[in-house]
Amino acid sequence: MSPETAKSLETKNKLLEGALRTLTEQGIAKTSARTVAAAAGVNQALVFYHFGSVDELLSAACRYGAEQAVARFRPRLAAVGSLSELLTVGRQIHEEARAGGHVALLGQLLAGAQTHEALGPATAAGLDLWITEMKEVLVRVLAATPFGEFADPAGLARAVAASFVGIELYEGVDTAGAHAALDALEQLGAMVAALEELGPVAQRAVRHHLRRAGRN
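As a starting point, this report considers the structure included with it.

Reading guide: rules and limits
Residues numbered from 1 in each chain as written. Predicted model: local features only at pLDDT ≥ 70, side-chain atom pairs only at ≥ 80, totals over all residues. Heavy atoms only, no water. Helix = DSSP H or I, 4+ residues; strand = E, 2+ residues; numbered from the N terminus. Buried < 20%, exposed > 50% of the residue type's maximum accessible area, 1.4 Å probe, protein only. Contact = heavy atoms within 4.5 Å. Areas by Shrake-Rupley, 256 points an atom, 1.4 Å probe, with all protein chains shown as cover. Salt bridge = Lys/Arg side-chain N within 4 Å of Asp/Glu carboxyl O. Phe/Tyr/Trp six-rings, centres within 6.5 Å; stacked < 30°, edge-to-face > 60°. Core = buried A, V, L, I, M, F, W, Y, C linked by side-chain atoms within 4.5 Å. Axes fitted to C-alpha atoms, helices over the stretch in contact; angles between N-to-C directions. Parallel < 35°, antiparallel > 145°, perpendicular 65-115°, else oblique. Left-handed = near helix turned anticlockwise from the far one by under 90°. Nonpolar A, V, L, I, M, F, W, Y, C, P; charged D, E, K, R; others polar. 1 Å grid on protein atoms, 1.4 Å probe; cavity = no way out; pocket = protein on both sides within 12 Å on 5 of 7 lines; lining within 4 Å. Points joined across faces, edges and corners; volume = space filled by probe spheres on them.

### Considerations on the overall build of the protein
No. 1: Helix and strand counts for the protein stand at 10 helices and 0 strands.
No. 2: Sorting the 216 residues of the protein into buried and exposed places 38% on the buried side.
No. 3: In the protein, once contacts between residues fewer than 6 apart in sequence are set aside, the share between residues at least 24 apart is 64%.
No. 4: About 11,700 Å² of surface is accessible on the protein, with carbon and sulfur atoms providing 57% of the total.

### Observations regarding the pattern of salt bridges
No. 1: In the structure shown here, the tally under the stated rule is 5 salt bridges.
No. 2: The salt bridge involving Asp 183 is made with Arg 91; its shortest N-O contact spans 2.6 Å. Taken as a pair, Asp 183 in helix 9 (residues 175-196) and Arg 91 in helix 5 (residues 83-99) lie far apart in primary sequence, 92 residues in all.
No. 3: Salt-bridge contacts for Arg 158 lead to Asp 128; the nearest nitrogen and oxygen are separated by 3.2 Å. Of this pair, Arg 158 sits in helix 8 (residues 153-170) while Asp 128 sits in helix 7 (residues 119-142); the two residues are 30 residues apart in sequence, bridging distant segments of the chain.
No. 4: A relative accessible area of 47% means that Arg 158 is categorised as partly exposed.
No. 5: By relative accessible area, Asp 128 is classed as partly exposed at 28%.

### Some details on the environment of Leu 58
No. 1: By the element assignment, Leu 58 lies in helix 4 (residues 54-78).
No. 2: Among the residues examined, Leu 58 registers a relative accessible area of 0% and is labelled buried.
No. 3: Sequence separation between Leu 58 and Ala 19 is 39 residues, and the spatial gap between their C-alpha atoms is 6.5 Å.
No. 4: Among all residues touching Leu 58, those that are not within four sequence positions of it are Ala 19, Leu 23, Ile 28, Thr 31 and Leu 119.

### Description of the packing of aromatic side chains
No. 1: A full pass over the atoms with the stated rule returns 1 aromatic pair.
No. 2: Ring centres 6.0 Å apart and planes at 40° place the aromatic pair Phe 73 and Trp 130 in the tilted group. In this pair, Phe 73 is assigned in helix 4 and Trp 130 in helix 7, connecting sequence segments 57 residues apart.
No. 3: Judged by relative accessible area, Phe 73 falls into the buried class, the value being 3%.

### Considerations on the nonpolar core
No. 1: Leu 15, Leu 16, Leu 57 and Leu 58 are the most contacted members of the largest nonpolar core, which has 24 residues in total.
No. 2: Per element, the largest residue contribution to this core is 7 residues, and it comes from helix 4.
No. 3: Residues in contact with Leu 15, not counting those within four places in the same chain, are Val 36, Ala 40, Val 42, Leu 46, Val 47, His 50, Phe 51 and Leu 57.
No. 4: Leu 77, Leu 86, Val 137 and Leu 142 belong to the second-largest nonpolar core, a separate cluster that totals 18 residues.

### Some thoughts on the side chain of His 50
No. 1: Position of His 50 among the secondary structure elements: in helix 3 (residues 45-51).
No. 2: The buried category is assigned to His 50, whose relative accessible area is 17%.
No. 3: Sequence-distant contacts of His 50, defined by excluding residues within four places in its chain, comprise Ser 8, Thr 11, Lys 12 and Leu 15.

### Observations concerning the packing of helix 4 against helix 5
No. 1: At a minimum axis separation of 10 Å, helix 4 and helix 5 run at an interaxial angle of 160°. Looking at the two axes, helix 4 sits roughly antiparallel to helix 5. Here helix 4 runs over helix 5; the crossing is right-handed. Here Phe 73, Arg 76 and Leu 77 of helix 4 come into contact with helix 5, specifically with Leu 86, Val 89, Gln 92, Ile 93 and Glu 96.
No. 2: Among the residues making up the contact of helix 4 with helix 5, the classes are represented as 5 nonpolar, 1 polar and 2 charged.

### Focus on the layout of surface pockets
To locate leftover empty space, one rolls a probe as large as a water molecule over the atoms.
No. 1: Here the largest pocket is characterised by a volume of approximately 750 Å³.
No. 2: As for the largest pocket, its lining consists of 36 residues, and the residues nearest its centre are Ala 69, Ala 97, His 102, Trp 130 and Glu 168.
No. 3: Mapped onto the lining of the largest pocket, the elements with two or more residues apiece are helix 1 (3-26), helix 4, helix 5, helix 6 (102-112), helix 7 and helix 8.
No. 4: The element that contributes the greatest number of residues to the lining of the largest pocket is helix 4, accounting for 10 residues.
No. 5: Across the lining of the largest pocket, the residue classes tally to 22 nonpolar, 9 polar and 5 charged.

Below you can see the structure in the form of structure tokens.
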């Protein structure tokens, strides 16, 4: 890799990280080429040189931030062996995301998508990275339960992702309520875990009941 290419990549990463930091700390309304460049420590003309526009920079930053976050948590998700473990890890991710300012960032991206056309698809693409990881975990853990042949892992992954997005945003106005919602999800996980521990005869009975319910 040539020095010029290495320097260009370094500058682009500085701008991406600067954009994420500006969104988190100052909000979408105060995010501009000037504020992002100041956060990145570079000349604001480089925003347009590397990305063409502020909206394109924000879109790229959204994808970049999601890729970084998913990569950070991927080993933890890969070690999940049950639905109850998945909910526990999900809560850990939520707590770490909140402490790191990622919940505030998500709120700004969702708000910005209303007025910045490019942010909607970029935010959805970032969430899809999480959904893909979640689907892989669900396919793996559901296979060992009576629900494996009936559940829709892709749909469940989206439901779980949407639940956590809602809880993250809800926490901004009702922290106790958001924690109660997370507790309820963990209780649901505990009930599912109890079903996972049933013997073969009981699990066959559950499957039989689910098949009958599916035909009705």
